[in-house]
Amino acid sequence: MLPLRIAWRYLLAKKTHAAVNIISLISMVGVAVATAAIVIVLSVFNGFSDLALGHLSVIDPQVKVLPVSGKAISNGDSVAAVVGRLECIESASPVIDERGLMVYGGHQMPVVFKGVGHGYSRISDIDRCVVDGGFTDSAYNMPCALVCVGVAYNIDVHPGQDVALYVPRRQGRINTANPATAFRADSLLVSGVFRVDQPEYDTDRIIIPLDVARRLLLYDHEASSIDIRIREGWDIGEAIQEIKSVVGDSYKVQDRLQQQEASFRMISIEKWVTFMMLAFILLVSSFNIISTLSMLVLEKRDNLLTLRAVGASESMVRRIFICLGWLISAIGGMVGILVGVCLSLAQQYGGFIHLSADPASLTITAYPVRVDFMDLITVVIVVVIIGFITSQITSMFIRGQLRDRT
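Residue positions are counted from 1 within each chain, in the order its sequence is given. In view of the model being predicted, local features appear only for residues whose pLDDT reaches at least 70, and side-chain atom pairs are presented and counted only at 80 or more, with totals across whole chains, interfaces and linings using the full set of residues. Each side-chain value is derived from all of the structure's non-hydrogen atoms; neither hydrogens nor water enter the calculation.

**Some remarks on the overall build of the protein chain**
Okay, so step 1: Working definition: helices are DSSP H or I runs of at least four residues, strands are E runs of at least two. Numbering for both runs from the N terminus. What the protein chain contains, in helices and strands, is 13 helices and eleven strands.
Okay, so step 2: In what follows, residue pairs with any heavy atoms lying within 4.5 Å of each other are defined as contacts. A sequence separation of at least 24 residues applies to 80% of the contacts in the protein chain between residues at least 6 apart.
Okay, so step 3: Accessible surface computed for the protein chain: about 20600 Å², of which carbon and sulfur atoms make up 59%. In these tables, accessible area is a Shrake-Rupley quantity obtained with a 1.4 Å probe, and a residue counts as shielded only by the protein chains included in the view.

**Here we look at a nonpolar patch on the surface**
Okay, so step 1: There is a patch of nonpolar side chains on the surface, built from F48, V335, V339, L343, F352, I353 and Y367 and spanning about 580 Å² of accessible area.
Okay, so step 2: It is helix α12 (residues 314-350) that provides the largest number of residues to the nonpolar patch, a total of three residues.
Okay, so step 3: Tracing the backbone through its elements, the reader meets L343 in helix α12. Like charges are joined within 9 Å and nonpolar side chains (Val, Leu, Ile, Met, Phe, Trp, Tyr) within 5 Å, but only among residues with over 30% relative accessible area and no salt bridge; these make up the patches. Basic side-chain nitrogens of Lys or Arg form a salt bridge, by our definition, when they fall within 4 Å of a carboxyl oxygen of Asp or Glu.

**Some thoughts on the packing of aromatic side chains**
Okay, so step 1: In this scheme Phe, Tyr and Trp rings, the latter by its six-membered ring, pair at centre separations within 6.5 Å, and the angle between planes marks the pair as stacked below 30 degrees, edge-to-face above 60, and tilted otherwise. Taken as a whole, this structure holds three aromatic pairs when the rule is applied.
Okay, so step 2: Where Y166 meets F183, the ring centres are 6.5 Å apart and the plane angle is 85°; that geometry is what we call edge-to-face. Taken together, the positions of Y166 in strand β7 (residues 162-168) and F183 in strand β8 (residues 183-194) put the pair 17 residues apart, joining distant regions of the chain.
Okay, so step 3: A simple rule labels every residue: compare its accessible area, found with a 1.4 Å probe on the protein chains alone, to the largest value its type can have, and call it buried under 20%, exposed over 50%, or partly exposed in between. A residue is classified by how much of its surface remains accessible, and Y166, at 31% relative accessible area, is partly exposed.
Okay, so step 4: Seen from their ring centres, W272 and F275 are 5.2 Å apart, and the 80° between their planes marks the pair as edge-to-face. In this pair, W272 and F275 both sit in helix α9 (residues 261-286), three residues apart, roughly one turn of the helix.
Okay, so step 5: A relative accessible area of 10% places F275 in the buried class.

**Quick notes on helix α7 (residues 236-247)**
At 3.6 residues per turn, the α-helix brings residues three or four places apart onto the same side.
Okay, so step 1: By this rule the span expected of a helix is its residue count minus one, scaled by 1.5 Å. End to end, α7 covers 16 Å across twelve residues, agreeing with the expected 16 Å (1.5 Å per residue, within 8%).
Okay, so step 2: Of all the positions in α7, only A239, I240, I243 and V247 are classed as buried. End-on view of α7: buried residues confined to an arc of 100°, all on one side of the axis. Seen from the open side of α7, the exposed residues pointing more than 90 degrees away from its buried face are Q241 and S245.
Okay, so step 3: The inward-facing, buried residues of α7 abut β1 (63-67), α3 (76-84), β2 (89-104), β10 (225-230) and β11 (251-255).
Okay, so step 4: Polar contacts here mean pairs of N or O atoms no more than 3.5 Å apart (in protein, one a potential hydrogen donor and the other a potential acceptor; neighbouring residues in sequence count only if both atoms are side-chain atoms). N-capping of α7 is provided by D235, with a side-chain oxygen placed 3.1 Å from the backbone N of G237. What the arc describes is the spread of directions from the helix axis to the C-beta atoms.

**Points about the side chain of D375**
Okay, so step 1: With respect to the helices and strands, D375 occurs in helix α13 (residues 373-405).
Okay, so step 2: Its relative accessible area of 7% is what places D375 among the buried residues.
Okay, so step 3: With sequence-adjacent residues up to four places away left out, D375 is seen in contact with L42, N46, K271 and W272.

**A look at the pairing of β10**
Okay, so step 1: Counting buried positions along β10 gives six out of six residues, so the element sits mostly inside the fold.
Okay, so step 2: Burial along β10 is two-sided: S225, D227 and R229 facing one way and I226, I228 and I230 facing the other are all buried.
Okay, so step 3: In this sheet, β10 lies alongside β1 in antiparallel orientation, the contact comprising three bridges. Among the inter-strand pairings, V63 is bridged to a residue of β10, identified as I228.
Okay, so step 4: Note that β2 and β10 share six bridges and pair antiparallel. Following DSSP output, two strands are said to pair if at least two bridges run between them.

**Thoughts on unusual backbone geometry**
Okay, so step 1: Phi is positive for Y140, which is not a glycine, with a value near 55°.
Okay, so step 2: Secondary-structure assignment places Y140 in the loop between β5 (138-139) and β6 (142-148).
Okay, so step 3: One non-glycine residue, D156, adopts positive backbone phi at about 55°.
Okay, so step 4: You can see D156 is positioned in the loop between α4 (149-154) and β7.
Okay, so step 5: Given a relative accessible area of 42%, D156 falls into the partly exposed group.

**Here's the deal with the side chain of R256**
Okay, so step 1: Within the secondary structure, R256 sits in helix α8 (residues 256-259).
Okay, so step 2: No salt bridge is formed by the buried R256; its nearest oppositely charged neighbour, D125, is found at 5.2 Å. Neither His nor the chain ends contribute to the count of charged residues, in which Lys and Arg are positive and Asp and Glu negative.

Encoded structure:
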């Protein structure tokens, strides 16, 4: 296309005034820096999302069955048995999630306890997160509790020590003269301490035997949910459909992402809000192209007169400068994407930027980064759209100048 060829020659040609070259370079650099920043930021968010997902895969079950309404599944053992008989299921177990108060010595702390059945390690990989002691149901004829690092630190408890767990009484009369009657309590032996490196798990979580949780809550066969592990080789999506066909519409079946939907939605919202802010910065940076083209109109005045003399229309001359704006935006955008991808890959595989916290307390020492091809496509589309917007604005701005100069 002739306007594009002329625009390319104008871009590469030596200018009479050095300021025109400098402004053109500044325009490209501005677009490149903003584009590179978008690529890097999106890659960092991808890395943190993968990090969160990796941690979730350690402690959360692959699939969870929850009641659509109400707090508990009344026939939890039966539902677990029905689900467990499916060919695609390796193991299914009822669990109870509730809040209580843990007391040790002169310390006390509100906790969220999870009551799990025997062999729960076949469903969750929580035993991989144990940093002190071990994960067991009972020891020395006492039920055991596995506590998170936050609980262990706040109440100063260690494996081998006895703790008391209090839960508000669900049934029966309460003696107002004796507040202790408002609670049911049980003693537990701390068998170990776990750490997942996520605040929602490492602050106040403990894991106790299912029969202890039911005894405290006066449950018989109830369960808060059914935790499930899918048999290796089966597709999780297909397994979920089979589970839904068995349990019916009274229950909802969630995979790991759906179990933590709020957390991942927040990461996604932060990612794309940041993306929009950087895209706006890219748009502002692209406005430098307008001033660049305005100066080029003055620079190429004699050339424009020659073009008009040999029959070039005003529309063609305007398209030359629109193409020139596209070239500046495209070159800057491509350079920015290349720089952003190179820096992101260097961090992804080299980890040259480290986290500032104490390395001994972290599972990772460098910022997590992952380059996503779809993010790059999105950035390319944004660069193209911004180039189009800039070119249209440029067209309106220089139309009057072309009429005056030519």
